[in-house]
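Inside the fold
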Amino acid sequence: MEFEKYDVIIIGAGVAGLSSAGYAARSCLKTLVLDAGGSQAQNIRDLENYPGVYPPVSGHEFIETLKKQAVVFGAEIRSSRVGAVDKINNTFVVHTASESVVSDALILATGAVPRKLDVPGEDYFAGRGVSYCAACDGPFFKNKRIAVIGGGDAACDEAVVLSDYASSVTVIHRKSRFRAQKAIADRVLKNDRINVKFNTVVQEITGTVAVEALRLKNTVTGEESLCAVDGVFIFVGTIPVTDLMPVLKHDEKGFVLTDEYMSTRVPGLFCAGDVRVKPFRQVVTAAADGAVAAHSAAAYIRSIRDGVYI
């Protein structure tokens, strides 16, 4: 059976995927992006920290512009969810519900999703006081009361960042001590604007139009209480979307290990964006990953074709 052939197929249409699509297509590669939807960037109300983008635009507008730019450069974008990926000799075979397509190089840009608390009110107040990104939404809570949920490096780091905006920050952690590195945890404990509630879990996020309070429970005494807040920042980890390629080498949290060229242990397979191990997860770093992945894919394709494209 003959399948439609591309030079490179990109799975994921977030910032990393669309950035790689633009660079790949501009390098004269026949490029296909398979878009299952759900980019985290689309939830950003005002993207104000991307270099060169000012005044701020919404995350949705930014993603739509990336799509238009990639298409102008020659990329094809299809709304389709990938069900499986095979590699036969040097060819990747990507299966969706409606078709199978093949390519010489594959870029996995499936991202990661924030780990949720799974408590009542979390989904209802998403974007209305519930956030998973301090850099994105912290400035909207100037002089307001903020709660940070979590006890790892990310939660402690972001609590310190948020303390520059908020009138007060309450860090809520289910354990009796932070999981964060000592130096990071100490910055929280020594910050006069931050109050810490250990041995405490969130039972419910409440409010009317927006977040107004948290219903808490002490895990030692069982005592329940209300904590009045205007915003809730949840940092209990992220979950990389790696179901399609479980064979890839990853770290203890499941993020894919790559080198600086975005290469994986599978020749011709590259990863970009939040799905891979990296120290900083922002729109700008996702875009950079995508550009590098596309450049590396082009070099790989040249190497297996003796310098000749299709």
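What you see is a predicted model, and the numbers here were worked out from it, not measured in a lab. (Residues numbered from 1 in each chain as written. Predicted model: local features only at pLDDT ≥ 70, side-chain atom pairs only at ≥ 80, totals over all residues. Heavy atoms only, no water.)

So, on to the packing of aromatic side chains. For the structure on display, the rule yields 6 aromatic pairs. Between the aromatic rings of Tyr 50 and Phe 62, the centroid separation amounts to 5.0 Å while the plane-to-plane angle is 55°, which identifies the pairing as tilted. With Tyr 50 in the loop between strand S2 (31-35) and helix H2 (59-73) and Phe 62 in helix H2, this residue pair connects regions lying 12 residues apart in the sequence. Of the residues examined, Phe 62 reaches a relative accessible area of 9% and is grouped as buried. A centroid spacing of 4.9 Å and a plane angle of 65° characterise the contact between Phe 178 and Phe 198, whose relative ring orientation is edge-to-face. Of this pair, Phe 178 sits in the loop between strand S10 (168-172) and helix H5 (182-189) while Phe 198 is found in the loop between strand S11 (194-197) and strand S12 (200-207), placing the two residues 20 residues apart along the sequence. With a relative accessible area of 9%, Phe 178 lands in the buried category. Each member of the aromatic cluster is reached from another via a ring pair, and the members are Phe 141, Phe 233 and Phe 235. (Phe/Tyr/Trp six-rings, centres within 6.5 Å; stacked < 30°, edge-to-face > 60°. Helix = DSSP H or I, 4+ residues; strand = E, 2+ residues; numbered from the N terminus. Buried < 20%, exposed > 50% of the residue type's maximum accessible area, 1.4 Å probe, protein only.)

With that settled, the discussion passes to the side chain of Ser 103. Positionally, Ser 103 belongs in strand S6 (residues 100-108). The class for Ser 103 is buried, based on a relative accessible area of 0%. A distance of 2.8 Å separates the side chain of Ser 103 from the backbone oxygen of Ala 105, its partner in a polar contact. Residues in contact with Ser 103, not counting those within four places in the same chain, are Lys 5, Tyr 6, Asp 7, Val 8, Ile 9, Asn 90, Thr 91 and Phe 92. (Polar contact = N/O pair within 3.5 Å; in protein donor to acceptor, adjacent residues only side chain to side chain. Contact = heavy atoms within 4.5 Å.)

Glancing now at helix H1 (residues 15-26). The end-to-end C-alpha distance of H1, which contains 12 residues, comes to 16 Å, matching closely the 16 Å that a straight helix rising 1.5 Å per residue would cover. The element H1 is largely enclosed, with a buried count of 10 among its 12 residues. Val 15, Ala 16, Gly 17, Leu 18, Ser 19, Ser 20, Ala 21, Gly 22, Ala 24 and Ala 25 are the residues of H1 that are buried. Packed against the buried residues of H1 are strand S1 (4-11), S2, H2, strand S3 (76-79), S6 and helix H6 (283-304). Cys 28 occupies a position one or two residues after H1 and carries a positive phi of about 70°. (Expected span 1.5 Å × (residues − 1).)

This part is about the sheet that holds strand S9 (residues 145-149). Ordered by their spatial adjacency, 5 strands build an open sheet running S8-S15-S9-S10-S11, and the pairing between neighbours is parallel. Each having just a single partner strand, strand S8 (130-131) and S11 make up the two edges of the open sheet. Both S9 and S10 contribute to a ladder of 5 bridges, which runs parallel. Note that in S10 the partner of Ile 146 across the bridge is Val 169. Across the sheet, helix H4 (residues 153-163) touches S9, S10, S11 and strand S15 (231-234), and the angle it forms with S9 is around 170°. (Pairing = 2+ DSSP bridges. Axes fitted to C-alpha atoms, helices over the stretch in contact; angles between N-to-C directions.)

A separate point is the layout of surface pockets. Taken as a whole, the second largest pocket encloses approximately 230 Å³ of empty space. Along its surface, the second largest pocket is lined by 13 residues, and Leu 18, Ser 19, Tyr 23, Leu 66 and Gln 69 are the ones closest to its centre. Of all the elements in the fold, those that place two or more residues in the lining of the second largest pocket are H1 and H2. The leading source of residues in the lining of the second largest pocket is H1, at 6 residues. Class assignment for the residues of the lining of the second largest pocket results in 9 nonpolar, 3 polar and 1 charged. (1 Å grid on protein atoms, 1.4 Å probe; cavity = no way out; pocket = protein on both sides within 12 Å on 5 of 7 lines; lining within 4 Å. Points joined across faces, edges and corners; volume = space filled by probe spheres on them. Nonpolar A, V, L, I, M, F, W, Y, C, P; charged D, E, K, R; others polar.)

What follows covers the pattern of salt bridges. Applying the stated criterion across every chain yields a total of 16 salt bridges. Among the ionic pairs, Arg 145 bridges to Asp 230, the shortest N-O distance being 3.3 Å. Within this pair, whereas Arg 145 is found in strand S9, its partner Asp 230 is found in the loop between strand S14 (224-228) and S15, the two being separated by 85 residues in sequence. Close ionic contact of Lys 278 with Asp 289 constitutes a salt bridge, the shortest N to O distance being 2.8 Å. Here Lys 278 is found in the loop between strand S17 (269-271) and H6, whereas its partner Asp 289 is found in helix H6, with 11 residues between them in sequence. (Salt bridge = Lys/Arg side-chain N within 4 Å of Asp/Glu carboxyl O.)

Once that is clear, we can look at the side chain of Asp 7. Within the element layout of this structure, Asp 7 appears in strand S1. At a separation of 2.9 Å, a polar atom in the side chain of Asp 7 contacts the side chain of Arg 305.

The subject of this paragraph is the sheet that holds strand S13 (residues 211-218). Two pairing modes exist for strands in a sheet, parallel and antiparallel, and in both the strands are linked by backbone hydrogen bonds. The 3 strands are arranged S12-S13-S14 in an open sheet whose pairing can be described as antiparallel. Each end of this open sheet is capped by a strand with a single partner; those strands are S12 and S14. When the angles between neighbouring strand axes are averaged without regard to direction, this sheet yields 30°. Bridge count between S12 and S13: 7 bridges; the pairing is antiparallel. For Val 202, the partnering residue across the bridge sits in S13 and is Leu 216.

This part is about H4. Every buried residue belonging to H4 is among Ala 155, Cys 156, Ala 159, Leu 162 and Ser 163, and all of these are buried. Within H4, the buried residues cover an arc of 130° as seen down the axis, which keeps them to one side. Tucked into the core, H4 has its buried residues touching helix H3 (134-137), S9, S10, H5, S11 and S15. (Arc of directions from axis to C-beta.)

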